[in-house]
Every structure is written in structure tokens, then in C-alpha cells.
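A closer look at the structure
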Amino acid sequence: MLDSKTPPGPLEQKWNDYKGHIKLVNPTNKRKIEIIVVGTGLAGASAAATLAELGYKVKSFCFQDSPRRAHSIAAQGGINAAKNYQNDGDSVYRLFYETIKGGDYRSRESNVHRLAEVSVNIIDQCVAQGVPFAREYGGLLSNRSFGGTQVQRTFYAAGQTGQQLLLGAYQALERQVAQGNVEVYARHEMQELVVIDGKARGIITRNLLTGELERHFGHTVVLCSGGYGNVFYLSTNAMGCNATAIWKAHKQGAYFANPCYTQIHPTCIPVSGDYQSKLTLMSESLRNDGRIWVPKKQNDTRKPKDIPEAERDYYLERRYPAFGNLVPRDVASRAAKERCDAGYGVGTSKQAVYLDFSDAIQRYGHVVVHKQRVENASEEQVRKFGKEVVKEKYGNLFDMYEKITGENPYEVPMRIYPAIHYTMGGLWVDYELMTSIRGLYCLGEANFSDHGANRLGASALMQGLADGYFVIPYTIGNYLADEIRTPEIPTNHPAFVEAEKAVASRMDLLMNIRGTKTVDHFHKLLGKIMWEKCGMARNAAGLQEAIKEIQELKKVFYQDLKIPGDIKSMNPELDKANRVADFLELGELMCIDALNRNESCGGHFREEMQTPEGEAKRDDEHFSFVSAWEYKGEHQWELHKEALHFEVAKPSQRSYK
């Protein structure tokens, strides 16, 4: 069994006790130590800025043309924190427990409790940076609800929370750049991890503008490169999001944990055609006021306004009365799929459900009428007032929906359907966020540590900033205290030379295939296999078929891939080919992991394992562990297990009824 290095003692004291007993690096020695941070999203930018503020020399890498183009900027709805501003019963313990429960009891208690503890500091940090969180009339920060909770703990900045938080982290990063403590390498993509004597000592990157390969040394390497949702091709991720950094680390010895745990987000704009390249997310915050429904009649072709209230099925409110439309994402997604599969879907594709704001508009309108003492207000006036309130809360999201679909969501219900969003799996890390390779750390969505089998909404931003601002600055020092006598290793060291040769060889191989099919052709085929056989529902037969199909697709990829241009120049198709080559291998491992885990939990739903009501059925006796896979060669992995022990949040059947 793997050792998580969880500190001893009561759960609520572990983090403080740990911080009080770790080794430290004095300020003079910090200036001699170089740290590589890969990725500039919330985890990467906050980590780089904080480590540089402490005095370390930091190199920051991103494949975008600016650090602030990282995909964290796309997050919409909010960030959780247990500050109990609403006085509605929230607490650190409640956030901890609901995160464990929401993840279907497949996450490590100690990491999740630490996350809940430091969440309260994140908001203060961001307010100090000037992040423009929404505020109540009296000036206090505003909160709203997200799925899987019965309190309001989500702080937000309209529908642009990720953007505003990233700008805060980015300005902290740029301050350190201006002081000479951070060197940023934009348009550089990590292609290989350099390991010397069992420790991470650097990376090989490709300059995406010139095509040149570069060697970079670091006393330690911190990966903050995000998730792997784009293995499905169509997802809510930006098209450039990829798994290359963590996959190269995996092939160098870092264990990959729980790869089958992928999140299906229930409120996305449905697929519109075969030529679509990505999907657009509608924030989960919309489920605060929007009601989800389908017609009670199968294959109903009437317009939504022509379907009377009595003939509408508000199925989440019917099935889960305690939480209603705010059930967790995995529950809401499966419920939408079940309704559509049963013939109750809406729209031309019949693969959609309605998200309706008409009740909220009426409710808010009557509140305004009452506040303004408008007598004998007409129905039109009520709707006008209500729309203004809804616009203030969700206006940019409504505008985005209308631009994409051509429909006005103030007048017509939104049509939504589940889509690939976040990935709970990632590199295995211990309590200190170190991987199974000494000196290699992994933060944010790129690791597996906090969300188990399903992430609650508004917790991604929380984890990224918690890891970067408040966890890694402590834990990395515990390792680096023993590295202060390690001199800078020259990049002509044989390990760097061999790593660069390996990268060059892979690129030569891809460029010299000279086949007939584009990278996107293979990516789409992979995505289709993954969505159909390792998507919202999986079964043993389908997963076995998927593994064989992916292996065959990989063979054809290396026989018939066509990449225009050349290596020694800017070549986006070569960049994509490198990423899809990794996705092909990762997709196979995801299916192997899903096949091995013969239970249903969170985002992993095995059709063979469900309750009579169609809910996920866990098998705690046999699967209460983290699956950590070690790469052994092509199509070969060895499973290592980390047993999950629950001292406080005792596993029980999840219920939101």
C-alpha cells in the first residue's frame, strides 16, 4: 500500500501540527534554489508568485502567449469558502464533510480537511488583491449556492469568477517578475521530465514559436498543468488544454491516480453538429434560480411556452426533494441522461433538457414591486423588474448563451445537456503534494488529491489557490531543506542530453509518418470511443471493446498521420499531434482503470452496479482505495493501492432526497 505521509493526530490539528514541525529553508539559502513551475493557471500562478515572494528563484512556463491566458480564466460560477457569512450553519467541518460525501468517499480525509481549513484565507487574500467579488447592498461579500450543499458558501464575481481570480494571481506573479524573482517562459511547452538519481531536476521544453528544444534545470519541479478532459475531444476545456506535462512525468515513474474519475457537467450547451470543436459551459450557479424540467409526454414537440405547468416534469425536484436542482453534478448529469434516453429529451436532437428562469423572473419581479411599493403592477412590469434582477446576477452568461444559440433565455428556457468538464484523477501525490518521484510536486486539477470520484461545484478554484498560496509554500520547504547543498546541475549533464534526444526522436517519428489523415481526425475518433464507452455510463463489455479500439487507433495513428510544415518552426499541428499521442495512451489507461473498478461511485458509473432506483452503488469492502498506476511499457501498467481510512466522515450511501 502507498504511504500518503499523513501526519498523526486529530484530523482538525494535523495541518497546524505539520506546519509547526517541518524543516525550513532560511532566506539566504532560498535565493540559491531554483524552482520550475509548469502552468500559470490559478495553481501555477499563485504557487510561482508565493514561492518567489518567499525568496526562491522561479521559472514559470506556459504554452499560451501570456500567463493570464491559462484556462482558469474560463471558470464562471464561483469559489467555495467556509466563512459562514450568511449565518446559515456553514463551517469548516461542513465544507469538509460535504466535499468527502460529494466525492462519494473516494478522497483522502486529511487533504480535504486541510482544503476546508485554508479556504477561509483564500477569500481574504483575493479581496486584498482587489478581486471584485459581488457584494450585498450593505457592502458584505455576497454568496450563492452550488450543487451538493444546503448552505450559501460560494463567492463570485458575476459569471467571471475565474477570470477575476486569475487576474489577482497574475498581478501577484507579475510583481515578482518585475522584481526579478520570476522568469516567465510563454509559448513554451513541457515535453519531458528530467530525473537524476531518482529526483526531478528539470524539464525539456519546446519553444512553440521557433520549434527549438530547450533544457531547464530546477532543484524541484512543480506541475500545475490542469486536467485531461480533452481526451474526449468535445469538452468544456479550451482546445489547447492537454495532459502532456503530467503524462511525461507518469512515463518517467510518477504514478497516475484514479484516471477513470472524470466529471460530467450537467449544464452545458448541447452539441450542435459534427464540426464542433468544443462545448460551452453554462455555470452551475444558474441552478440557484433556474428550474430543470422536461415534458411529461414522450417525444413532445411543442414549444416550451405551450406546455402547461401540469405537463412539466421537474424531475430533480421530484426525485431529490431535499436538494432539488442543486444536487451534485454527477447526480444531475445521470438524471438528465436517463430522461433523454427514456424519450423525454427536448430540442431537435432530443438530447437536451430545459433550464427555465421564468419562475425566478416572476419571484424577483414581485420582490422589487413590493420594495418600490408599486401599486397594481402589471404582469409586464413584474417581468421587467424581474429580468433586471436576473440580468444583474447572470447577465453575461445569458448574453453568451444567446450569442451561441440565437435564443433569448429571458424569454425561452435554456436547453442544456451534460458534457465532459473536469477530471478528478491526476498524478498521485502524498500529503505534501509530492508525487512518487522525489522532488516532483503536482498541484490543482493536475493531481488527484481532493475531490474523490466527483468534484462539487466551485471547488476547483478553491483547490487551485489553496495548493498554490497556502500549501506548497510550506510543504516544498520540507524537501528543499535537504537540497541547499545541491549545486546547480549544468544542462549538458547526460540526463538532460538523453531527455532532449528522446523528445527529438518522438517528433521526428511523428513528422516522418507522412500519412493522409489530420491530427483532428484521430482526436475525434478517440473522443467518440471515450464518450460512448467510458463517458456517463460504462460497462465491462464496452470498456473491453474501447481498450482494443484505442490500441488499434494508436497503430493507425502512427501509420497514417499527416503533419504539414516542419519541426524547426512554429507548427501548431505538430503541437497537437504530440498532445493527441499522449491522449491515446491516457485514454487506454482510463478504460483499464474503469474496467478494474467494478463499482459505481461519483463520476464513474458502472451500469452493472446500481441500486433499484438507478443510483450509484459503491463497494466499500473491495474498492475503498486510490488506484495508482505505474507505467511499465506500451499497454502495460501495474496497479498500486492507497487504502482510504475514514476516521470522521464515515462512508454511507449518498442520499440527496
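Residues numbered from 1 in each chain as written. Predicted model: local features only at pLDDT ≥ 70, side-chain atom pairs only at ≥ 80, totals over all residues. Heavy atoms only, no water.

Right, let's talk about the sheet that holds strand β7 (residues 199–207) for a bit. Taking strand neighbours across the sheet as the criterion, the 3 strands line up as β6-β7-β8 in an open arrangement whose pairing is antiparallel. If you trace the sheet from one side to the other, it starts and ends with β6 (188–196) and β8 (213–217), each paired once. The sheet shows a mean angle of 25° between the axes of neighbouring strands, direction not considered. In this sheet, β8 lies alongside β7 in antiparallel orientation, the contact comprising 5 bridges. For threonine 205, the partnering residue across the bridge sits in β8 and is glutamate 214. In the packing of helix α13 (residues 494–511) onto the sheet, the strands contacted are β6, β7 and β8, and the crossing angle to β6 comes to about 135°. (Pairing = 2+ DSSP bridges. Helix = DSSP H or I, 4+ residues; strand = E, 2+ residues; numbered from the N terminus. Axes fitted to C-alpha atoms, helices over the stretch in contact; angles between N-to-C directions. Contact = heavy atoms within 4.5 Å.)

Before going further, it helps to examine the pairing of strand β12 (residues 291–295). Regular strands place their side chains on alternate faces of the sheet. Most of β12 is tucked away, with 4 of its 5 residues classed as buried. By the bridge criterion, 3 bridges tie β12 to strand β14 (residues 353–356) in an arrangement that is antiparallel. Bridging from a neighbouring strand, isoleucine 292 pairs with leucine 355 of β14. Relative to strand β13 (residues 312–313), β12 runs antiparallel, the two being bridged by 2 bridges. What sits directly across from valine 294, in β13, is aspartate 313. (Buried < 20%, exposed > 50% of the residue type's maximum accessible area, 1.4 Å probe, protein only.)

Attention now goes to helix α5 (residues 109–129). The end-to-end C-alpha distance of α5 is 31 Å, a good match for the 30 Å that 21 residues give at a rise of 1.5 Å each. Approximately 35° is the largest bend angle found in α5, and it occurs at serine 119. Within α5, 15 of the 21 residues are buried, leaving the element largely enclosed by the surrounding structure. Backbone geometry just downstream of α5 places glycine 130 in the positive-phi region, at approximately 95°. (Expected span 1.5 Å × (residues − 1). Bend = angle between axes of the 7 residues up to and from the residue.)

Turning our attention to the sheet that holds strand β5 (residues 182–185). Pairing within the open sheet is parallel, and its 5 strands lie in the order β5-β2-β1-β9-β17. The open sheet is flanked by β5 and β17 (440–442), the only strands paired with a single partner. Each strand axis lies, on average, 20° off the axis of its neighbour in the sheet, ignoring direction. When strand β9 (residues 220–223) meets β17, the two strands line up parallel, connected through 3 bridges. Counterpart to leucine 223 in the pairing with β17 is cysteine 442. Strands β1 (34–38), β9 and β17 of the sheet are contacted by helix α7 (residues 244–251), whose axis makes an angle of about 130° with β9.

Counted according to the given criterion, the structure contains 59 salt bridges. Across the pair glutamate 642 and arginine 108 runs a salt bridge, and its minimum N-O distance is 2.7 Å. Of the two residues, glutamate 642 sits in strand β19 (residues 636–643) while arginine 108 sits in the loop between α4 (92–102) and α5, which places them 534 residues apart along the sequence. Its salt-bridge partner being lysine 199, residue glutamate 483 comes within 2.6 Å of it at the nearest N-O pair. (Salt bridge = Lys/Arg side-chain N within 4 Å of Asp/Glu carboxyl O.)

Here we come to the packing of helix α15 (residues 540–560) against helix α16 (residues 572–596). Interhelical geometry of α15 versus α16 gives an angle of 160° and a closest axis separation of 9 Å. By the criterion of interaxial angle, the relationship of α15 to α16 is roughly antiparallel. As α15 runs across α16, the sense of the crossing is left-handed. Together, Ala540, Leu543, Gln544, Ala546, Ile547, Ile550, Gln551, Leu553, Lys554, Phe557 and Tyr558 of α15 and Ala577, Val580, Ala581, Leu584, Glu585, Gly587, Glu588, Cys591, Ile592, Ala594 and Leu595 of α16 make up the contact between the two elements. Partitioning the contact of α15 with α16 into residue classes produces 16 nonpolar, 3 polar and 3 charged. (Parallel < 35°, antiparallel > 145°, perpendicular 65-115°, else oblique. Left-handed = near helix turned anticlockwise from the far one by under 90°. Nonpolar A, V, L, I, M, F, W, Y, C, P; charged D, E, K, R; others polar.)

The subject of this paragraph is the side chain of threonine 154. Along the chain, threonine 154 falls in strand β4 (residues 154–155). Judged by its relative accessible area of 1%, threonine 154 is buried. Among the polar contacts made by the side chain of threonine 154, one reaches the side chain of asparagine 80 at a distance of 2.8 Å. Each residue touching threonine 154, except ones within four places of it in the same chain, is listed here: Gly77, Gly78, Ile79, Asn80, Ser142, Asn143, Arg144, Ser145, Phe146 and Ala458. (Polar contact = N/O pair within 3.5 Å; in protein donor to acceptor, adjacent residues only side chain to side chain.)

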